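One letter stands for each residue in the lines below.
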Amino acid sequence: MKTTRSQQLFAEASRYIPGGVNSPVRACRGVGCDPLFIASGQGSHITTVDGDTLIDYVLSWGPLLLGHAHPEVTKAVTAAAAKGTSYGAPCPDEVLLAREVVEAFPGMDMVRMVNSGTEAAMSALRLARAVTGRNKVLKFIGCYHGHADSFLASAGSGVATLSIPGTPGVPEATVRDTLLAPYNDLGAVRDLFDLHGKDLAAVIVEPVAANMGLVLPEEGFLKGLRALCDSAGTLLIIDEVITGFRAEYGGAQTRFGVTPDLTVLGKIIGGGLPVGAYGGKAEYMERIAPAGDVYQAGTLSGNPLAMAAGLATLRVLKQCDYAALEKRVDAFATELETVLRARGLPVRVNRLASMFTVFFTDGPLRNFDEVKSADSALYARYFAEMRKNGIFLAPSPFETGMVSFMHSEEDFAATIKAASRCELG
Ligand SMILES: *Cc1c(COP(=O)(O)O)cnc(C)c1O
């Protein structure tokens, strides 16, 4: 078989970049494939260096709710670039984006921009530790909060895909300060509070778990966390890096009626450029330097290109009909489930807003253990077959499918058709 341009590039990349990629899941090892190298993206589609065009349900792992190369975003970034790419001094768009974000979250008075979700989660935890004078953090098995040391124990996303149990290089003492509970298991959380409540600086949670595939919070789970945190003087950190401006305009916290002490953001607020942010009540945020004594900084934080992209994205999103998209995605997910089930496969398609995950199982999907019981070999075949048929899905059973406002009914129909025909035997 002829070597494709993607294969050539991957071989070359593997000489200079560990594993040939700059972020692990992209290597597609979880599904036993080689990665496709992308030449361009437009709306709901990506085009590879070999000239194949695919319908994209990865969307850069979430940021592109407006699809690739949205004209408003492109215009804003181009205009900003022409005025210089970085100043290392404040610029007007930082203020506008901060105000837009703060106004979208009822419990947020102030926000600090950083360069990634990892940085945002790491900084929010540092702040929670400073505020409480405690060290421990409780996270949920299969949730992902970036790759800072404290969050790598039993994490989702690439950590789950590669079955990395812990990670070499993380100090034992750091691991000891991270407590783990199954998602949706309030009883387990209560037990940990009984034992460690007075040492617990923070509970961090994805309001909708989207890094073990899509797993929804059960009724009362998030509110239960809020109550336990209140009773122990522990800060609740809601990680909305994926759900922020995707679950609705604002976050999943509004949708589920739970106000955290700190919110972590990323992905969509950068409109495809590297941005993260953390925010919350003024009494906490004013502890951040130079207002307060908790140090956190960034050479490129509040970068003018990134702020322009984020701001343009939010301005367009504010006019978008989230409810209509959710309805369309729900119908699409239902049809996908029907088509796959008609082929005699055990399947459930979880969905919320513009997110969905195909799980090859009949069982319940409340936590990472249950997710892992789904058929991952079947997912790998499904991924490979769908890709051959022009559909680009997340290259791992532990990721969430993303839909943009640019996905058309034709895109959905083509996806359903591919799912009904692809060889899964
Ligand atoms: C992607 C993600 C992060 C990490 O963001 P990066 O920009 O990749 O560092 C953190 N939390 C959640 C929920 C995420 O999905």
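For the structure itself, consult the block above.
Draft legend 1. Just the overall build of the protein chain, in detail. A count of helical and extended segments in the protein chain gives 15 helices and 14 strands. Taken over C-alpha atoms, the radius of gyration comes to 21 Å for the protein chain, in line with the 22 Å a tight globule of 425 residues would show. In terms of its C-alpha atoms, the protein chain occupies a principal-axis envelope of roughly 60 × 55 × 45 Å. Evaluated residue by residue, the protein chain yields a buried proportion of 56% over its 425 residues. Here the contacts in the protein chain between residues at least 6 apart in sequence split such that 72% fall between residues at least 24 apart. Accessible area of the protein chain: about 17700 Å², with a carbon and sulfur share of 53%. Here the protein chain carries 39 positive and 45 negative side-chain charges, and the mean point of each set is 3 Å from the other.

Draft legend 2. Local environment of the side chain of Asp411. For Asp411, the position within the fold is in helix H15 (residues 409-421). For the buried residue Asp411, which engages in no salt bridge, the nearest side chain bearing the opposite charge is Arg328, 6.8 Å off. If we ignore the near neighbours within four places in the chain, the residues touching Asp411 are Ser44, His45, Ile55, Tyr57 and Met406.

Draft legend 3. Region of interest: the sheet that holds strand E12 (residues 355-359). Here 3 strands make up an open sheet; going across it, the order is E11-E12-E14 and the pairing antiparallel. Each edge of the open sheet carries a strand with a single partner, namely strand E11 (348-352) and strand E14 (401-402). Across 2 bridges, E12 lies against E14 in antiparallel orientation. Bridge assignment links Met355 to a residue of E14, and that residue is Met402.

Draft legend 4. Expanded view of the site of the ligand. Lining the immediate surroundings of the ligand are Ser116, Gly117, Thr118, Tyr144, His145, Gly146, Glu206, Asn211, Asp239, Val241, Ile242 and Lys267. The separation between an oxygen atom of the ligand and a polar main-chain atom of Gly117 is 2.9 Å. Here an oxygen atom of the ligand sits 2.7 Å away from a polar atom, N or O, in the side chain of Lys267. Residues of the shell around the ligand, tallied by class, amount to 3 nonpolar, 6 polar and 3 charged.

So, how was this worked out
- Residues numbered from 1 in each chain as written.
- Predicted model: local features only at pLDDT ≥ 70, side-chain atom pairs only at ≥ 80, totals over all residues.
- Heavy atoms only, no water.
- Helix = DSSP H or I, 4+ residues; strand = E, 2+ residues; numbered from the N terminus.
- Rg over C-alpha atoms; globule rule 2.2 N^0.38 Å.
- Buried < 20%, exposed > 50% of the residue type's maximum accessible area, 1.4 Å probe, protein only.
- Contact = heavy atoms within 4.5 Å.
- Areas by Shrake-Rupley, 256 points an atom, 1.4 Å probe, with all protein chains shown as cover.
- Lys, Arg positive; Asp, Glu negative; His and termini not counted.
- Charge placed at Lys NZ, Arg CZ, Asp CG, Glu CD.
- Salt bridge = Lys/Arg side-chain N within 4 Å of Asp/Glu carboxyl O.
- Pairing = 2+ DSSP bridges.
- Near = heavy atom within 4 Å.
- Polar contact = N/O pair within 3.5 Å; in protein donor to acceptor, adjacent residues only side chain to side chain.
- Nonpolar A, V, L, I, M, F, W, Y, C, P; charged D, E, K, R; others polar.

Without other data, these values stay purely geometric and don't point to any function.
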